[in-house]
Amino acid sequence: MRPHRILSSLPRAGESRPRTRSGGPGVRTIAAALAILTSAALAQETPSRDTVVETQLLPRTVKASVQRLATANATSLSATERFASARRMIEAGRASGDPRTLGYAESLLAPWPADDPRAPLEALVLRATIEQSRHRFDAARLLLDRVIARAPDHGQALLTRATIAQVRGEYAAATQDCLRLRPLAADVAAICGALSDALTGHNERAREALRSAAARTQGAVRAWALSALAQVHEQRGERRDAAAAYRASLAADDDLTTQLALADLLIEQRAWRDARALLASAPPADGVLLRRWLVERALGGDAQSIAAQLQSRIDEAIARGELLHARDAAVFALERGDAATALRLARENWAAQREPADLRVLARAARATNDRAAIDEVRAWMRHTGLDDARLRADLLGA
Amino acid sequence: MWRQLLVMLALLGANAVHAHSASTSYLKIEAARGNEVPFAWRIALRDVDALLDLDADRDGKLTWGEVDDRASEITQLAAHSLEARTGNGTCPLVWGAPRFETIDGTGYLHLAGRARCATPPARVEVQYRLFAGIDPSHRALVTTPDTTRPALVAPNGRLPVQFTAQAWRDTAPEHGGIGAMFEDGVLHILGGFDHMLFLVALMLPAVVERRNGRWVARAGVRGALVQVAWIATAFTLAHSITLALASFNLVRVPAHVIEPLIAATVLATALNNLWPVVTTRLACASFGFGLIHGFGFAEVLAPLNLPALELARALLAFNLGVEGGQLIVVSASFALLAIARGWQGYPRWILGGGSTALALVAGTWIVERVFDLTLITI
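These figures come from a predicted structure and were not determined experimentally. (Residues numbered from 1 in each chain as written. Chains lettered and ligands numbered in written order. Predicted model: local features only at pLDDT ≥ 70, side-chain atom pairs only at ≥ 80, totals over all residues.)

Caption draft 1: Here's a closer look at the overall build of chain A. Along its length, chain A carries 22 helices and one strand. Classification of the 399 residues of chain A by burial places 52% in the buried group. (Helix = DSSP H or I, 4+ residues; strand = E, 2+ residues; numbered from the N terminus. Buried ≥ 20, exposed ≤ 12 C-beta atoms within 10 Å, placed from the backbone.)

Okay, here's the thing in structure tokens:
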């Protein structure tokens, strides 16, 4: 029998999910006359040989590293090879949003445990980057502090520490690290400083610094300056300039974070089809699924299956005890009309990271639940830091 | 170069919030039955591909063929990655062939296995090794009969599992299975067009007989009924034999050989109706072809990977179900054919036309199954 039937007595038949339907037995046309006899057989099939069962595979270079790790050869890797490979894994994770690669990178660094006082600086910085990507900011910072104590001019460590401070809303610390970067890499230091400026109300100064940095640089640095510039434009309510800067940034260096930021802007402008086109080739990371869901819901597409997929990802993350993307989960809850859950998640997220997008979710959830305390908290943060953001003012309007 | 690197690391920190589904496998451990502990394990195809590089044609996609070709390596990987032991030593785990499942848009392999302990275990300790030394963030979500909350197990982690009498009672009806196996047998016949069409092909000439090179209606229904009873009994006897042989792994015939052969039996029977070669002893032909069909039935039981005693019981129930299904097909078509046999157009339109249609379908099946194509669909 080609259609191997999946039996009702299989150990987990009750839990089995829909299978990919393949070409099937191929005789249904002829068998129509016998349909009455067959109506009882709701056959589930195992796929035929040419049925595609998975399209989201890891990149070949990543798989090659995994296989090297899996074999005894792993011990023969030199330190340089391990660092280079770990860096590639982290990079692959950034491109695809797949957290697996961070685990592979961690294994590549296994010869130098995090608490090894003589670990090479490179190993510590890479470990810090992995921790930071998993949103374990304190662990990341401890590692970076050790690196900077041993090598005060370690540019990479300084920049990473500055970035963490910005994400955590500690702008004085961030600015200090940005200043220390200046003699090492002037353009990078300028962008780093402008980011702090933008988050503390100095939008105009930030915009000028980022514009000139973008003009002086190229590649990934230019892309970074342009996406930062786009954010400043958004804070100033200059949506058209923001979209142009995001697109210019993507042209200089394609990056998933920037893609999502542009998608958010397009969604806010109800430019659904543009958003759909932008995300068409993006990897199915949670952040991408969330935006696709919003777009398909608006366009009358297949929003339901995307929502189910997102929910199951969130459930799995909770079961694993690691809801990394609480911000996305909060937006998802908010858009589904579950404002109470949204507020809980937004608060949880705000405790961990404090970028304008995090504050916006908190503001929107606070408004939806009419939670005065949360609204006051948002206002207090804006007053305290000086953050000047047109979107937040709109979010709070009527609160 | 230096700057590129700086920015790469900086951006990672700024916004690394787009988690993908993390690497998680789902392991279900069921209550021990006798000496054996049933396991069901779902591993993401993405993860299996990372370890074994299944993408033979390097097109960035996996087809089921690419997965199936590496089935033995996959079960080997499973065997290396999970160990069950009691105080008396290890309980060797035997895994069945991988099957496919999707969970919310992601492809998973579903492996059914059994740990065979020396004595009925009251407690086993499971040692989990998948992705050990490769991905410390990989986790198994393990459900066991002793708790309601799934346990999270990391690579190189261990999990003790207690089996209580209560747990056994709770899970036993789930695979008591005799009733379900009977039902599966019935459905297998009713849903399996090739078996059903084979029976129909055999039945078409049963209500007529060959006289002087022509088909004429049998005078009494009784004679036809006896003929049909012999044919069906011979078919049953034959497929029961091969089904048992295959289920107990005494004889194995690969599916890609059996599938076209089953289609060939339908073709041969239909052609024999059109240009009769075998006109007497149809029961013998039915027996011979039944042997082939039995191997086809065995594909249903093999993936269950049941222990011997349970397999024997399942086999009996499944076989009875097959007979039940057969009885439905045979009696329904016999009733229709018995009424139609008096019609003078019967030999030409029903026997001839029907057999031609059957021969065409069977011929197409053979091509499909040999070349792994899909020619006819709904």
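Caption draft 2: Looking closely at the packing of helix 3 (residues 60-70) of chain A against helix 5 (residues 100-108) of chain A. Residue and element names in this part refer to chain A. Here helix 3 crosses helix 5 at 45 degrees, and the two axes come no closer than 11 Å. For the element pair helix 3 / helix 5, the angle class is oblique. In the crossing of helix 3 with helix 5, the sense of the turn from one axis to the other is left-handed. On helix 5, the residues touching Val 62, Ser 65, Val 66 and Leu 69 of helix 3 are Thr 101, Tyr 104, Ser 107 and Leu 108. Here the contact of helix 3 with helix 5 is composed, by residue class, of five nonpolar, three polar and no charged. (Axes fitted to C-alpha atoms, helices over the stretch in contact; angles between N-to-C directions. Parallel < 35°, antiparallel > 145°, perpendicular 65-115°, else oblique. Left-handed = near helix turned anticlockwise from the far one by under 90°. Contact = placed C-beta atoms within 7 Å. Nonpolar A, V, L, I, M, F, W, Y, C, P; charged D, E, K, R; others polar.)

Caption draft 3: Local environment of the sheet that holds strand 9 (residues 123-128) of chain B. All names here are of chain B. The sheet built from four strands is open, its strands ordered 5-4-9-12 with antiparallel pairing. What marks the edges here is a single partner per strand, and that holds for strand 5 (89-91) and strand 12 (158-162). The average angle at which neighbouring strand axes cross in this sheet is 35 degrees, direction not considered. Note that strand 9 and strand 12 share five bridges and pair antiparallel. Pairing of Arg 123 across the sheet is with Gln 162, part of strand 12. (Pairing = 2+ DSSP bridges.)

Caption draft 4: Region of the structure containing the nonpolar core. Within the largest apolar cluster, 156 residues are counted, with the highest numbers of intra-cluster contacts made by A:Ala105, A:Ile191, A:Leu210, A:Ala225, A:Ala330 and A:Leu362. Take this core: its biggest share by element is 10 residues, from helix 12 (residues 219-235) of chain A. What A:Ala225 contacts, discounting residues up to four positions off in sequence, is A:Ile191, A:Leu210, A:Ala213, A:Ala214 and A:Thr217. Formed by 56 residues, the second largest nonpolar core is a distinct cluster that contains B:Phe295, B:Phe297, B:Val322 and B:Ala359. (Core = buried A, V, L, I, M, F, W, Y, C linked by C-beta atoms within 7 Å.)

Caption draft 5: How the structure looks around helix 17 (residues 303-319) of chain A. All names here are of chain A. Relative to the 24 Å expected for 17 residues at 1.5 Å per residue, helix 17 spans 24 Å between its end C-alpha atoms, a close match to the ideal helical length. Buried-residue contacts for helix 17 involve helix 16 (286-299) and helix 18 (326-335). Phi for Gly 321, located one or two positions after helix 17, is positive at around 75 degrees. (Expected span 1.5 Å × (residues − 1).)

Caption draft 6: The environment of B:Leu351, seen in detail. Residues and elements named next belong to chain B. Along the chain, Leu 351 falls in helix 12 (residues 346-371). Leu 351 gets classed as buried once you count the C-beta atoms within 10 Å, which come to 21. Discounting residues that sit within four places of it in the chain, Leu 351 has contacts with Leu 204, Pro 205, Val 208, Trp 215, Asn 273 and Tyr 346.

Caption draft 7: Summary view of the pairing of strand 4 (residues 82-86) of chain B. Residues and elements named next belong to chain B. As judged from the four bridges shared by strand 4 and strand 9, these two strands associate in the antiparallel manner. The partner of Leu 82 across the bridge, within strand 9, is Tyr 128. With three bridges connecting them, strand 4 and strand 5 associate as antiparallel partners. From the neighbouring strand, Arg 85 faces strand 5, where its bridge partner is Thr 90. Where strand 4 folds back on strand 5, the antiparallel hairpin that results is connected by two residues.

Caption draft 8: Just the pairing of strand 1 (residues 24-29) of chain B, in detail. Residues and elements named next belong to chain B. Most of strand 1 sits out of view: five of its six residues are buried. Sheet analysis places strand 1 next to strand 10 (residues 139-143), joined by five bridges and oriented parallel. Within the sheet, the bridge partner assigned to Leu 27 lies in strand 10 and is Val 142. Of the strand pairs in this sheet, strand 1 and strand 2 (residues 36-44) are connected by four bridges, and their pairing is antiparallel. If you follow Ile 29 over to strand 2, its bridge partner there is Phe 39.

Caption draft 9: Representation of helix 4 (residues 79-96) of chain A. Residue and element names in this part refer to chain A. The terminal C-alpha atoms of helix 4, which comprises 18 residues, lie 26 Å apart, in line with the 26 Å expected from a rise of 1.5 Å per residue. Listed in full, the buried residues belonging to helix 4 are Arg 82, Phe 83, Ser 85, Ala 86, Met 89, Ile 90, Ala 92, Gly 93, Arg 94 and Ser 96. With its phi angle positive at about 75 degrees, Gly 97 sits one or two positions after the end of helix 4.

Caption draft 10: Focus on the environment of B:Gly324. Inspection of the secondary structure assignment puts B:Gly324 in helix 11 (residues 308-340). A C-alpha to C-alpha distance of 7.8 Å links B:Gly324 and B:Gly185, two positions 139 residues apart in sequence.

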